[in-house]
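Next come the chains, spelled out residue by residue.
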Amino acid sequence: KRQYQLYSDQLKQEDITDETRQQLARDGLVTNKSWQALADEFGLVVSPQELHDAIVNQTNFQKDGVFNAEYYQRLLAANRMKPNEYEQQRRNDLLIEKSRLLVSEATTLTPAELQEVTELNARQTLDGAEPDVKVFEQIKMQFLLQKKQRAMQAFQASLRARGDVTIHEELL
């Protein structure tokens, strides 16, 4: 329900049907559950200190740049949430972040891709001039970000294909 509300709030355009919002919410839930399953498989955990730091550093729980426990309690109550419910949700979000980061950070450029970056940088350099190191780094970062994005999409698709998550349509 929260996932659906999130998509409803973000997608107020008239050309997006209620059915599309529901499908986006389901897809988001399946994706999150898949990443959580991976976190469990890898034995990833969120320490009490990590959870504490994540919560106290959230700007929506701060007043004048400092965490305010009373404000935290009131804001959760206004959203009909208990602190333990929110903290469990936040712990799950952090686990998903960790599993995604694990996959993303394991992605690097191969020697062939680095050679392609070098050649592209050389083609952009004027005849007789030294290749610009800044341009080389920018091209390399762009290649790496694109590769990480493709790796994340492929990994996410493989997680979903494993079937660790079952959707019971009749309960929706």
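Residues numbered from 1 in each chain as written. Predicted model: local features only at pLDDT ≥ 70, side-chain atom pairs only at ≥ 80, totals over all residues. Heavy atoms only, no water.

S.K.: How should the packing of helix α3 (residues 48-56) against helix α5 (residues 83-105) be read in this particular structure?
M.R.: Two quantities define a packed helix pair, namely the angle between the axes and the distance from one axis to the other. Taken N-terminus to C-terminus, the directions of α3 and α5 make an angle of 105°; their axes are 10 Å apart at the nearest point. Judged on the interaxial angle alone, α5 and α3 are roughly perpendicular. Residues E50, L51, A54 and I55 of α3 form the contact with α5, whose participating residues are Y86, E87, R90, R91, L94 and K98. Partitioning the contact of α3 with α5 into residue classes produces five nonpolar, no polar and five charged. (Axes fitted to C-alpha atoms, helices over the stretch in contact; angles between N-to-C directions. Helix = DSSP H or I, 4+ residues; strand = E, 2+ residues; numbered from the N terminus. Parallel < 35°, antiparallel > 145°, perpendicular 65-115°, else oblique. Contact = heavy atoms within 4.5 Å. Nonpolar A, V, L, I, M, F, W, Y, C, P; charged D, E, K, R; others polar.)

S.K.: Please explain the side chain of T31 as it appears in this structure.
M.R.: By the element assignment, T31 lies in helix α2 (residues 18-42). Looking at T31, the relative accessible area reads 11%, which means it is buried. Dropping the residues within four chain positions of it, T31 is found in contact with Q156 and R160. (Buried < 20%, exposed > 50% of the residue type's maximum accessible area, 1.4 Å probe, protein only.)

S.K.: Honestly, unusual backbone geometry in this entry has me stumped. Any pointers?
M.R.: Among all residues except glycine, the phi angle is most often negative; among peptide bonds, the trans geometry is most common. For D64, which is not a glycine, the phi torsion comes out positive at approximately 55°. Residue placement: D64 occurs in the loop between β1 (62-63) and β2 (66-67). Even without being glycine, R80 reaches a positive phi, approximately 55°. Within the secondary structure, R80 is located in the loop between α4 (69-78) and α5. With relative accessibility at 75%, the residue R80 sits in the exposed group.

S.K.: Looking at this structure, I do not really get the nonpolar core. What am I missing?
M.R.: Burial of nonpolar side chains together is a common tendency in soluble globular proteins. Formed by A39, V46, L51, A54, I55, F61, Y72, L76, M81, Y86, L94 and L95, the largest nonpolar core amounts to 12 residues. Sorting the residues of this core by element identifies α3, α4 and α5 as the ones contributing at least two each. (Core = buried A, V, L, I, M, F, W, Y, C linked by side-chain atoms within 4.5 Å.)

S.K.: Can you help me understand the pattern of salt bridges in this one?
M.R.: Side-chain pairs of opposite charge can arise where the charged atoms are in close proximity. Counting across every chain of the model gives six salt bridges. Between E113 and K147 there is a salt bridge; the shortest N-O distance is 2.8 Å. Taken as a pair, E113 in helix α6 (residues 111-123) and K147 in helix α7 (residues 133-162) lie far apart in primary sequence, 34 residues in all. Its relative accessible area of 18% is what places E113 among the buried residues. (Salt bridge = Lys/Arg side-chain N within 4 Å of Asp/Glu carboxyl O.)

S.K.: Even after reading the chapter, I still don't get the confidence of the model for the protein, so can you show me in this structure?
M.R.: When pLDDT is low, close inspection of the predicted coordinates is not appropriate. On average, residues of the protein score 84 in pLDDT, and 85% of them are at 70 or above. Per-residue pLDDT, averaged within each element of the protein, yields its smallest value for helix α1 (residues 2-10) (51) and its largest for α3 (96). (pLDDT = per-residue confidence, 0-100.)

S.K.: Got a minute to help me understand the packing of aromatic side chains in this structure?
M.R.: The way to describe two aromatic rings as a pair is by their centre distance and the angle between their planes. If you walk through the whole model with that rule in mind, you get five aromatic pairs. Each ring, one from W35 and one from F155, has its centre 5.9 Å from the other, and the planes form 25°; the classification is stacked. In this pair, W35 sits in helix α2 while F155 sits in helix α7, placing the two residues 120 residues apart along the sequence. Using a relative accessible area of 0% as the deciding quantity, one classes W35 as buried. Overall, F155 belongs to the partly exposed group, its relative accessible area being 28%. Ring geometry for F61 against Y72: centres 4.8 Å apart, planes inclined by 90°, an arrangement best described as edge-to-face. (Phe/Tyr/Trp six-rings, centres within 6.5 Å; stacked < 30°, edge-to-face > 60°.)

S.K.: Looking at this model, I keep getting lost on α3. Mind explaining?
M.R.: One full turn of an α-helix is made of 3.6 residues, so residues set three or four places apart face in the same direction. When we look at burial in α3, the residues that qualify are L51, A54, I55 and V56. Elements in contact with the buried residues of α3: β1, β2, α4 and α5.

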